[in-house]
Amino acid sequence: MAYKFTKGSVAASTDGRINVILNKNERDLVLDEMRQFLISVQAVSSALTNKDLKSVEKIAHEAGMAAEANTPGALFQKLPLGMKKLGFGTRGLFDDISAAAKEGKEPLEIRKQLDALMNNCIACHATYRLPEPVVAN
Ligand code: HEC
């Protein structure tokens, strides 16, 4: 159990990354969250450009830990520990951005936080893959 918690449901991939093996619904859910991540990053960036800190606070909050409330436990068990850390870390950085906006921090300073957050996107994509299941399950 502890072993599984650390390792997750993984296999080697053809491109040197780690395949994380999810069923169709789990994979669809994660990829949907990913597309939402991209929307959130764009929306926070755009709100920062407009110096609209109210919107930054709201959008970043929605992309933070609050967004994890509906993620099924069975799915978490399949994610390797490193991926979970990067995922939760990214949620936490969105929460930090929301808090910074609430405090009225300079938009340029908050943009630096967004730049750093996006290094998490890059790091995770460089390491993990979600292969399409061969059969629907
Ligand atoms: C915890 C790991 C992790 C983090 C952090 C992460 N991603 Fe992903 N993302 C993935 C994986 C794994 C895939 C699937 C990649 C593959 O199979 O080649 C993916 C796929 C995507 C896709 C494609 C979605 C689709 O429908 O195919 C988008 C867009 C995306 N991520 C955006 C982002 C953005 C933007 C961020 C940062 C805000 C981010 N991701 C952070 C792991 C992560």
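A brief report on the enclosed structure follows. Because the structure is a prediction, the values reported are computed rather than measured.

## Regarding the coordination of the iron atom of the ligand
Stage number 1. Binding of the iron atom of the ligand to the protein goes through Met34 (SD) and His125 (NE2), at separations of 2.0 to 2.2 Å.
Stage number 2. Geometry at the iron atom of the ligand is octahedral, judged from the six donor atoms that bind it and their angles of 87 to 179 degrees at the metal. Of this pair, Met34 sits in helix 2 (residues 24-49) while His125 is found in helix 6 (residues 107-127), placing the two residues 91 residues apart along the sequence.

## Observations regarding the environment of Ser13
Stage number 1. With respect to the helices, strands and loops of the structure, Ser13 is situated in the loop between strand 1 (10-12) and strand 2 (18-20).
Stage number 2. Taking the C-alpha atoms as reference, Ser13 lies 8.6 Å from Pro131; in sequence the two are 118 residues apart.
Stage number 3. Residues in contact with Ser13, not counting those within four places in the same chain, are Asn19 and Arg129.
Stage number 4. In terms of polar contacts, Ser13 uses its side chain to reach the side chain of Asp15, at 2.5 Å.
Stage number 5. A distance of 3.2 Å separates a polar side-chain atom of Ser13 from the backbone oxygen of Arg17.

Conventions and cut-offs
Residues numbered from 1 in each chain as written. Predicted model: local features only at pLDDT ≥ 70, side-chain atom pairs only at ≥ 80, totals over all residues. Heavy atoms only, no water. Donors = N, O, S within 2.8 Å, 3.2 Å for Na, K, Ca; no water. Tetrahedral: all angles 85-135°; square planar, octahedral: opposite > 155°, others 65-115°. Helix = DSSP H or I, 4+ residues; strand = E, 2+ residues; numbered from the N terminus. Contact = heavy atoms within 4.5 Å. Polar contact = N/O pair within 3.5 Å; in protein donor to acceptor, adjacent residues only side chain to side chain.

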